[in-house]
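Letter by letter, the chains look like this.
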There are 2 protein chains.
Amino acid sequence: MSKPSTPARVTPDLGLAASLFDRLGRETRQGRGIVRDSYGAGEQAAHDLVRGVAENVGLEISVDAIGNLMMTLPGRDRSVPRILIGSHLDSVPQGGNYDGAAGVVAGLSAVSALRQADVAPPCDVSVMAIRAEESAWFDIAYLGSGAVFGLLDPGCLSIRRSDNGRSLESTLLERGFDPGAIRERRRLLDPSRIRAYLELHIEQGPTLTARGLPAAVVTGIRGCKRFRNARCTGSYAHSGAVNRPFRHDAVAATVALLHHLESVWIREEAAGADLVFTSGELYTDPAMHGPSKIAGETRFVLDLRSVSDATMDLVADEARAAAARIGAEYRVNFDLGSTSDSPPAVMDARLRARLMSLLEQPFEMPSGAGHDAAVFAKVGIPTAMIFVRNDFGSHNPDEAMAIEDFAIGTQALLRLLLDFPL
Amino acid sequence: MSKPSTPARVTPDLGLAASLFDRLGRETRQGRGIVRDSYGAGEQAAHDLVRGVAENVGLEISVDAIGNLMMTLPGRDRSVPRILIGSHLDSVPQGGNYDGAAGVVAGLSAVSALRQADVAPPCDVSVMAIRAEESAWFDIAYLGSGAVFGLLDPGCLSIRRSDNGRSLESTLLERGFDPGAIRERRRLLDPSRIRAYLELHIEQGPTLTARGLPAAVVTGIRGCKRFRNARCTGSYAHSGAVNRPFRHDAVAATVALLHHLESVWIREEAAGADLVFTSGELYTDPAMHGPSKIAGETRFVLDLRSVSDATMDLVADEARAAAARIGAEYRVNFDLGSTSDSPPAVMDARLRARLMSLLEQPFEMPSGAGHDAAVFAKVGIPTAMIFVRNDFGSHNPDEAMAIEDFAIGTQALLRLLLDFPL
């Protein structure tokens, strides 16, 4: 029987972390970038590496029906619900070494430290290496974590991998996994047996770098309300021969709409709301447009994100109203189309507060990108996330996380483990 | 010897006009639209028809080295410089029956009326059917009229027709014309022997229809200053993960620039300047953009047109200054590139004034599109244009000009002929 916790003296196993990051980078790099393809050779190499390290640490190993890897440090009371520390091991094509992997390495370096200090946590702690989070390979959000809770549409088994065209079903079979788990919506973990899900992830934006902070507690994962197929229809005409009052200029009208929505964004920001607004696709029709033609059509995307559903609803309503008003003013027709919506995921208030108290420079921020944590929150598991400062953004070969910042985020996780039950 | 003019009693030969429009439409229609391809079967059919009518009227016929057709009514004094009434007989692919042809038919119906009334004009009047004005076939502006004055770069002989790929040189040879005239920049007409060039053309925009006016005198042909290859470079990033102060959003910056230039346009308009501003091509990069990405690049066109070089220069300067200011504000880089410039062509003040006095509802307006008249003005020939109301724009099968409106425009031309020397 292990002795009671002595948290003040336990610090993350940074030797394990540095060595594991190094080996992950060397074994899954192709050219400049990292390629850990979902259910492919790259992701599998990462799983094999991580599993080997976990075995060395002396963790209990299991793999579920669709390949998620569970590495468990037994707790003082094995009968109570356990704590998960997880993230994914796959990457986008030509990605970086830290997106996803940092969360798994953080879990291992925390439990390795506990093991070495002979400190048993109050309950089982499982480090979870989740499959296939990056939808770049199979176009499904949260494939690995969604399947754990039977949340996936079984039709997704016919989705083909973007690079080699093989279906998810045959890919799972080739790797020795069981597509039946997805087909039958089988639950591979019982949410009531999970006390908390904790995820450390590199920040995918520049906020922490700009503020000079090593880490942050995540308030929530922004939801998204997206007009994916917005369109403005006017009339093509000669750019020289038609004066302003007679134009049906789709570009001018779209510019007016986007400019108005930027002002709405600035207003909401000033009022303290969480919001980002992006039009990342905007184009006239290359088959019809011309340098001396007034444009008769534009197509564009409006992407709204917030931790608040109410904020997204409000701005979407304003977008519709502005499209009607500006459409009339410019004698064009806007059809914004329907929205695709993903709800925000709120992080657990008590876990957030505890993590904040564990940071020397406490700072909270929303996550703009999605994470597996959103799935665990959705099924009702108390969920928390820590962001670690990362230069140059994510999903590219230049991801740069300092081990010192990683240590600060992981130390907070480790301390949180020992505080249970909160 | 003809008797002196009795202008009050002479009116255009509308029978000739109506019959000629009808035959032109029937003989050069393909499906819904008109196809009078430059130096092709369609344009040649129109030339043959027009020439036959001119022969019936009793005009002197000549064809120059590159196929322009001259149909001359002798004047009382054959030794003085002559008056030209011209326009082109080609059309865009699937164009309408009136763009170009109306000017040639107007000339014929005017001189036919003089012939029938046995009224001789003060000098020779030549109706000129000009070749290849529409650059849709050979990508050269003002091919037929430019060649008349040796203005074309001889390299244009290797330009290929857009539909069949045959070079201009071999096309001219096939039709029995002489590419040497272009190669040697031979002048086929002496500007000092032309007293005036007059052109009637359908309006290519909606102004006259909107104002309920049958015809207008053209003040000038708008020049064009065009940033053909403008570009904004920012950084691609995750649309959810990067807040406003950290973005390098090429779409947001381009929207701000275009919105500002619209306000400059409105300001100039209010101050009485002649200006149109168009961005008819605007696009993010389809290989790089995405619905959840901040756009790292846009490409776009800025097209400025005015009868005033000073106005175009002023707005182009404002565009450059705004691009620098907005680029800094949005942390992106604008490269507007160089401009391609075509100067405005000013119509002759005395001819304009005389034409205005001949309209019952006098109205003046600029021409936004280019016309052969610009070439005649450029070589110093006093030049005037009349626009005739036309519904549904030009360069499409729906061009609609009423013969009553055509009669009003042609009557003004006819009266002007008889007023020479002004």
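Since the structure is predicted, the reported quantities are computational estimates derived from the model, not experimental observations.

So, the overall build of chain A
So, point 1. In terms of helices and strands, chain A carries 12 helices and 19 strands.
So, point 2. Relative to the compact-globule value of 22 Å for 422 residues, chain A shows a C-alpha radius of gyration of 24 Å, a close match.
So, point 3. With the C-alpha coordinates of chain A rotated into their principal frame, the extents come out at 85 × 50 × 40 Å.
So, point 4. Each of the 422 residues in chain A was classed as buried or not, and the buried ones make up 58%.
So, point 5. If you sum the accessible surface of chain A, you get close to 15600 Å²; carbon and sulfur atoms cover 49% of it.
So, point 6. Averaging the locations of the 44 positively and 52 negatively charged side chains of chain A gives two centres separated by 1 Å.

Focus: the relation of the copies chain A and chain B
The relation between the two chain copies is a rotation about an axis coupled with a shift along that axis.
So, point 1. Superposing chain A onto chain B takes a rotation of 180 degrees combined with a translation of 0.1 Å along the rotation axis, leaving an RMSD of 0.2 Å. In symmetry terms, the pair is related by a two-fold rotation axis. Measuring from the rotation axis to each C-alpha of chain A, the shortest distance belongs to A:Tyr283, at 2.0 Å.

Some points on the interface of chain A and chain B
So, point 1. Residue-level contacts link 50 residues of chain A with 49 residues of chain B.
So, point 2. Both sides of the chain A and chain B interface together cover about 4200 Å² of buried area, and 59% of this is carbon and sulfur.
So, point 3. Of all residues in chain A, the largest losses of buried area upon contact with chain B belong to A:Arg244, A:Leu282 and A:Pro291, amounting jointly to 15% of the total for that side.
So, point 4. For the pair chain A and chain B, the number of links is 2 salt bridges.
So, point 5. Between A:Arg244 and B:Glu269 there is a salt bridge, with its nearest N and O atoms 3.0 Å apart.
So, point 6. For the side of chain A that touches chain B, the element with the highest residue contribution is helix H8 (residues 250-270) of chain A, accounting for 10 residues.

Re the packing of aromatic side chains
Any aromatic ring pair is given by two values, namely how distant the centres are and how the planes are angled relative to each other.
Residues and elements named next belong to chain B.
So, point 1. Counted according to the given criterion, the structure contains 14 aromatic pairs over all chains.
So, point 2. Here the aromatic rings of Phe149 and Phe376 are separated by 5.3 Å at their centres, their planes lie at 90 degrees, and the arrangement is edge-to-face. Residue Phe149 is located in the loop between helix H4 (143-148) and helix H5 (168-174), and its partner Phe376 is located in helix H11 (residues 373-378); the two are separated by 227 residues in the primary sequence.
So, point 3. Between Tyr197 and Phe376, the aromatic rings sit 3.8 Å apart at their centres with planes inclined by 5 degrees, giving stacked as the arrangement. Residue Tyr197 is found in strand S7 (residues 194-202), and its partner Phe376 is found in helix H11; the two are separated by 179 residues along the sequence.
So, point 4. On the basis of relative accessibility, which here comes to 0%, the residue Tyr197 falls in the buried class.

Concerning helix H12 (residues 403-419) of chain B
So, point 1. Helix length check: H12(B), at 17 residues, gives a terminal C-alpha distance of 24 Å against a target of 24 Å (1.5 Å per residue), a fit within 8%.
So, point 2. Those residues of H12(B) not exposed but buried are B:Asp405, B:Phe406, B:Ala407, B:Gly409, B:Thr410, B:Ala412, B:Leu413, B:Leu414, B:Leu416, B:Leu417 and B:Leu418.

A few points about the environment of A:Ser292
So, point 1. By secondary structure assignment, the location of A:Ser292 is in the loop between strand S12 (282-284) and strand S13 (293-294).
So, point 2. For A:Ser292, a relative accessible area of 28% translates into the label partly exposed.
So, point 3. With 64 residues separating them in the primary sequence, A:Ser292 and A:Arg228 have C-alpha atoms 29 Å apart.
So, point 4. Beyond its immediate stretch of four places on either side in the chain, A:Ser292 contacts A:Ala237, A:His238, A:Ser239, B:Arg226, B:Asp303 and B:Arg305.

Some words on the pairing of strand S9 (residues 223-233) of chain B
Residues and elements named next belong to chain B.
So, point 1. Relative to strand S14 (residues 297-306), S9 runs antiparallel, the two being bridged by 9 bridges. Bridge assignment links Gly223 to a residue of S14, and that residue is Ser306.
So, point 2. Inspection of the sheet shows S9 paired to strand S15 (residues 333-335) by 3 bridges, in the antiparallel sense. Pairing of Thr233 across the sheet is with Asn333, part of S15.

Rules of the game
Residues numbered from 1 in each chain as written. Chains lettered and ligands numbered in written order. Predicted model: local features only at pLDDT ≥ 70, side-chain atom pairs only at ≥ 80, totals over all residues. Heavy atoms only, no water. Helix = DSSP H or I, 4+ residues; strand = E, 2+ residues; numbered from the N terminus. Rg over C-alpha atoms; globule rule 2.2 N^0.38 Å. Buried < 20%, exposed > 50% of the residue type's maximum accessible area, 1.4 Å probe, protein only. Areas by Shrake-Rupley, 256 points an atom, 1.4 Å probe, with all protein chains shown as cover. Lys, Arg positive; Asp, Glu negative; His and termini not counted. Charge placed at Lys NZ, Arg CZ, Asp CG, Glu CD. Least-squares fit on C-alpha atoms with pLDDT ≥ 70 in both. Contact = heavy atoms within 4.5 Å. Buried area = accessible area lost by both parts, 1.4 Å probe. Salt bridge = Lys/Arg side-chain N within 4 Å of Asp/Glu carboxyl O. Phe/Tyr/Trp six-rings, centres within 6.5 Å; stacked < 30°, edge-to-face > 60°. Expected span 1.5 Å × (residues − 1). Pairing = 2+ DSSP bridges.

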